[in-house]
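This is what each chain is made of:
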Amino acid sequence: MSGDFWRSVTEDHKLAVRIWWAEFERNQDNILTYFTAVGKSPPQEGRFDLPHWMQENLQAIDADLMWEFGPGISKDHRLVITPEASRALRPLVRYILDQAPEFEKFEFYEYRLPENLERATQMMTHRAGWRDLSGIRFRTEIGESNRIDIVFHTPFKEPQDDQLGKLWLLTEQLLGEELAEKWVGYIDQQAAAKGGLFGLLKKPDDHLLPLEELASDFGNRIAEIKSSLPDRPYFEIGEEQDWVMLKLTPEEQEDYDFKDDLFVAPFLSAPMFTAMHGGRRNFCPERFSNHGEAFLFLKMDGAAEDLDQETFEDRASIEDALNEALKSLGCMIGGGTGLRYSYIDLAVTDLKAAVPIIQRTLQAGNLTRRSWLFHHDPDHQAEWIGIWPDSPAPYMESDREPS
């Protein structure tokens, strides 16, 4: 079955989204009244119950959708609809927001917005019991996979594990959910150093920064990473890169999701390969391209029954055909051999234009119908597109029967 990368948005979703926006429009006065009534005591009997209403209406689309109201930027109120860690729901969230009518007093976002230190302090007081953040200092450093690591020095005496969870919450508040999700690597906590009698105890680290500088310092680190990325799209520089050969040790099983059977892989960038394969949610295209490139991979079933119909001699001939067909739209950036499947990784500058070209090129060589395109972007890893109109659905981990 062919299609686009929105296949995770089903017809049932679309119907539920239409109902959601109709209900929101019908109840917008109740929602506005709720905000003016919050904090009044005692609660009036029969008052509009916003949390219950959101559960019944928004979470009827998907139970894993989270929400948060707050002050708007250009209008009175904002509503954030976010799947948080369930990133495969990001396409659904974008579809929901794409379908939003225009409202006079409401604006909508898919990520929680960054807050200033005053509002972050209020939130941390309410949710974490930290009433004074002035003693927190930090430093940032560029870590693996072009992520940015943050080490916080705190004056609190709580166990480190308790503090780490609260520091993640604080980081998201100050940076916003999108930057935190895409760019933050690890967060560490150390006790704040103190001066002592005659200077015998450790002095505070002069390289640590006050918390109010986190957003600007983090932005500088992003700029530093972006300045180190190629100044041209990968189709212009692929031949100039020093390719690496990577080896893995997959476990044998009946079938394989994603690239779980990959055991040897030539790739033009070891850091990019590590980001793509070092955890399903570890990769972000923006950390490896300044040119809006989408990173895809072609997956071909080496156990398919129709392999004898292919006119391609080998994977190399498929790679050559794709590079020739894509030209200025993209190129191959890697490949691989698995226990069952073969793979070709691609970087493309225009996804909508490139996909039909890829399909036509592979169909011309009568590639097996058990072949598909997938995203490396975690927001789209639940989605795929068949090379043929009648390509069957690929095996995916979510398709397995519960054990």
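Residues numbered from 1 in each chain as written. Predicted model: local features only at pLDDT ≥ 70, side-chain atom pairs only at ≥ 80, totals over all residues. Heavy atoms only, no water.

Participant: How would you summarise the overall build of the protein if you had to cite specific residues and measurements?
Facilitator: Broken down by element type, the protein carries eleven helices and 14 strands. A buried classification covers 47% of the 403 residues belonging to the protein. Of the contacts made within the protein by residues no fewer than 6 positions apart, 67% connect residues no fewer than 24 positions apart. Per element, the accessible surface of the protein, about 20,500 Å² overall, is 49% carbon and sulfur. The centroid of the 42 positive side-chain charges in the protein is displaced by 5 Å from the centroid of its 72 negative side-chain charges. (Helix = DSSP H or I, 4+ residues; strand = E, 2+ residues; numbered from the N terminus. Buried < 20%, exposed > 50% of the residue type's maximum accessible area, 1.4 Å probe, protein only. Contact = heavy atoms within 4.5 Å. Areas by Shrake-Rupley, 256 points an atom, 1.4 Å probe, with all protein chains shown as cover. Lys, Arg positive; Asp, Glu negative; His and termini not counted. Charge placed at Lys NZ, Arg CZ, Asp CG, Glu CD.)

Participant: Can you lay out the confidence of the model for the protein for me, pointing to particular residues and giving the numbers?
Facilitator: Mean pLDDT for the protein: 91, with 91% of residues reaching 70 or above. Note that pLDDT drops below 50 for residues 196–201; the model gives that stretch three contacts with residues more than four away or on any other chain. Confidence drops under a pLDDT of 50 for residues 399–403, and excluding neighbours within four residues, the segment shows two contacts in the predicted structure. (pLDDT = per-residue confidence, 0-100.)

Participant: Provide a residue-level description of unusual backbone geometry, including the pertinent values.
Facilitator: Peptide bonds are trans in most cases, and residues, glycine excluded, mostly fall at negative phi. Non-glycine residue N146 carries a positive phi angle of around 60°. Tracing the backbone through its elements, the reader meets N146 in the loop between β4 (137–142) and β5 (148–154). With phi around 50°, K327 is a residue other than glycine that occupies positive phi space. Mapped onto the fold, K327 is located in the loop between α10 (315–326) and β11 (330–338).

Participant: For the sheet that holds strand β6 (residues 184–191), give the residues involved together with the corresponding values.
Facilitator: Taking strand neighbours across the sheet as the criterion, the four strands line up as β6-β5-β4-β7 in an open arrangement whose pairing is mixed. Only two strands of the sheet have a single neighbouring strand rather than two, namely β6 and β7 (209–210). Pairing geometry for β4 and β7, over two bridges, is antiparallel. Bridge pairing in β7 links F138 to L209. Set on the sheet, helix α5 (residues 160–175) makes contact with β5 and β6; between it and β6 the angle comes to about 130°. Against the sheet, helix α7 (residues 214–228) makes contact with β4, β5, β6 and β7, and its axis sits at roughly 10° relative to β4, the strand it touches most. (Pairing = 2+ DSSP bridges. Axes fitted to C-alpha atoms, helices over the stretch in contact; angles between N-to-C directions.)

Participant: Describe the sheet that holds strand β13 (residues 371–375), naming the residues involved and giving the relevant values.
Facilitator: An order of β8-β9-β11-β12-β10-β13-β14 is seen for the seven strands of this open sheet, with the pairing classed as antiparallel. At either margin of the open sheet sits one strand with a lone partner, and together these are β8 (244–247) and β14 (384–386). Put simply, the sheet's adjacent strands are angled 20° from each other on average, direction ignored. Strand direction decides the pairing type here: β13 and β14, joined by three bridges, are antiparallel. Considered in β14, the bridge of F374 is made with W384. Against the sheet, α10 engages β9 (262–267), β10 (294–301), β11 and β12 (341–348), with an angle of about 20° to β12.

Participant: Lay out the packing of aromatic side chains in plain terms, naming residues and giving numbers.
Facilitator: Remark: the centre distance and the inter-plane angle together describe each pair of aromatic rings, the angle taken between the planes. Inspection of the entire model under this criterion finds 27 aromatic pairs. Residues W21 and F103 carry aromatic rings whose centres are separated by 6.2 Å and whose planes lie at 35° to one another, so their mutual orientation is tilted. One end of the pair, W21, is in helix α1 (residues 11–37); the other, F103, is in the loop between α3 (90–98) and β3 (106–109), with 82 residues separating them in the sequence. Relative to F106, the ring of F24 lies with its centre 5.2 Å away and its plane at 80°, an arrangement referred to as edge-to-face. (Phe/Tyr/Trp six-rings, centres within 6.5 Å; stacked < 30°, edge-to-face > 60°.)

Participant: Before we move on, could you go through the environment of Q163 and cite the residues and values that matter?
Facilitator: Within the fold, Q163 resides in helix α5. Classification of Q163 as buried rests on a relative accessible area of 1%. Placed 141 residues apart in sequence, Q163 and A304 show a C-alpha to C-alpha distance of 51 Å. For Q163, the residues in contact, after removing those within four places along its chain, are W130, T154, F156, K157, E158 and Q189.

Participant: Tell me about the state of the cysteines, residues and numbers included.
Facilitator: Within this structure, the stated rule accounts for zero disulfides. Cysteine C284 remains unbridged, with the sulfur of C331 as its closest cysteine sulfur at 19 Å. (Disulfide = S-S within 2.5 Å.)

Participant: Help me get a handle on helix α4 (residues 117–128), residues and values and all.
Facilitator: By the burial criterion, the buried members of α4 are A120, T121, M123, M124 and A128. Angular distribution of buried residues about the axis of α4 spans 165°; they occupy a single face of the element. Looking at α4, the residues exposed on the side facing more than 90 degrees away from the buried face are E118 and H126. Contact partners of the buried residues in α4: α5. Of the residues that open α4, the one with a side-chain oxygen 3.2 Å from the backbone nitrogen of E118 is N116. (Arc of directions from axis to C-beta. Polar contact = N/O pair within 3.5 Å; in protein donor to acceptor, adjacent residues only side chain to side chain.)

Participant: Residues and numbers for the pairing of β9, please.
Facilitator: As defined by bridge partners, β8 adjoins β9 across four bridges and the pair is classed as antiparallel. Each residue of the ladder has a partner; that of V244, found in β9, is F267. Here β9 pairs with β11 via three bridges, running antiparallel. Looking across to β11, one finds that F267 is bridged to G334.

Participant: So, the packing of α1 against helix α2 (residues 50–57): which residues are in play, and what are the values?
Facilitator: Two elements in contact, α1 and α2, have axes separated by 11 Å at closest approach and are oriented at 170°. Taken together, the axes of α1 and α2 are roughly antiparallel relative to one another. Residues W20, E23, F24, N27, I31, Y34 and F35 of α1 form the contact with α2, whose own contacting residues are L50, P51, W53, M54 and N57. Residues belonging to the contact of α1 with α2 are distributed by class as follows: nine nonpolar, two polar and one charged. (Parallel < 35°, antiparallel > 145°, perpendicular 65-115°, else oblique. Nonpolar A, V, L, I, M, F, W, Y, C, P; charged D, E, K, R; others polar.)

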